[in-house]
Amino acid sequence: MDTLEKAVDRVLNGDHSAFQQIVDATSVRLVRLGARIMGNQADAEDVVQEAYVKAFRALSAGEFDRRSSTATWLYRIVVNGAIDAKRSRKRRGEQSDTQIDPSWDGAAFAEARLALAELDDWLQELPQDQRAALVLQSLEGLNNGEIAEVMGVSEGAVEQRLVRARAALRQRRQQL
Amino acid sequence: MTDYEDIDQRLARLARGSEALRPSASFSARVMRAVNEEATPSLLEGAWFSARRLLPVAAIAAALAVIWAVQVDRSVDDEIATSYASVELE
């Protein structure tokens, strides 16, 4: 059993301090995933923080049934949270929070911010479920089965979302 | 080069470009603060949680009190009936 699963065991047994290990082991991947779906770092951190609180609540209540791995389960909470946040933001006509953390200065981060801005601009017209599927496949490196597990849909539905997302991007490029 | 390859190449470049993304320095502490707030119940929640544990005991005590009250009431009735009978005999 790896460190992450051991930490989950400890939280399930009432050792709340072990949740720090879960955060340490997963926060880089989850914030990066959140940023790629949300389009910026600050919104991603809000979504991932909320996801951690939900995960903690579920672990404390003994509601995590371990049918999927902890990593997949956390991915699912973040993806669902990010899709919901993007949808409600769009409904309210709000702009993304583009405030940059001062500790975030540096050449590598500057390049990452540029890549994130380009990604957000390129994918912003896609429906949120198509965008999430595309990010999980092409940026996070998940296969269709893993994406289906994270998104809670069939592999056929994932395939359909990916085909539609690519078709929409191709059509948009032809219009430009 | 097909349109699909163009899209995948661009996605691959943006995946490499955004690989350096990291949570901000204060992120972990912020998360643990939120989690600890979740773990510590408020005064009202704590009182309700403690009170909930006492509910079965309180229910049993209430049932025993009702039984005792009914029994006392019956014995008082019996005593009154007995005293009436005594008065009639006299």
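Structural notes, computed from the coordinates. Remember, predicted model here, so these are calculated numbers, not experimental data.

## Examining the overall build of chain A
Inference 1: Secondary structure summary: chain A contains eight helices and zero strands in total.
Inference 2: Counted from the first residue to the last, chain A has its helices and strands arranged as α-α-α-α-α-α-α-α.
Inference 3: Counting only residues that meet the buried cut, chain A has 38% of its 176 residues in that class.
Inference 4: Considering only contacts within chain A whose residues lie at least 6 apart along the sequence, 64% involve residues at least 24 apart.

## Focus: the interface of chain A and chain B
Inference 1: The partner chain B presents 24 residues to the 35 residues of chain A that form the contact.
Inference 2: Of all the elements in the fold, those that place two or more residues in the side of chain A that touches chain B are helix 2 (19–38), helix 3 (41–60), helix 5 (107–123), helix 6 (128–139) and helix 8 (155–175) of chain A.
Inference 3: If you tally residues by element for the side of chain A that touches chain B, the top one is helix 2 of chain A, at 10 residues.
Inference 4: Of the residues in the side of chain A that touches chain B, the class split is 18 nonpolar, seven polar and 10 charged.

## Quick word on unusual backbone geometry
Inference 1: The phi torsion at Arg66(A) lies on the positive side, around 65°, for a residue other than glycine.
Inference 2: Considering the arrangement of structural elements, one finds Arg66(A) in the loop between helix 3 and helix 4 (70–92).

## Considerations on the environment of Gly93(A)
Residues and elements named next belong to chain A.
Inference 1: By secondary structure assignment, the location of Gly93 is in the loop between helix 4 and helix 5.
Inference 2: For Gly93, a count of 6 C-beta atoms within 10 Å puts it in the exposed group.
Inference 3: For Gly93 and Ala133, which are 40 residues apart along the polypeptide, the C-alpha to C-alpha distance reads 23 Å.

Quick notes on the rules
Residues numbered from 1 in each chain as written. Chains lettered and ligands numbered in written order. Predicted model: local features only at pLDDT ≥ 70, side-chain atom pairs only at ≥ 80, totals over all residues. Helix = DSSP H or I, 4+ residues; strand = E, 2+ residues; numbered from the N terminus. Buried ≥ 20, exposed ≤ 12 C-beta atoms within 10 Å, placed from the backbone. Contact = placed C-beta atoms within 7 Å. Nonpolar A, V, L, I, M, F, W, Y, C, P; charged D, E, K, R; others polar.

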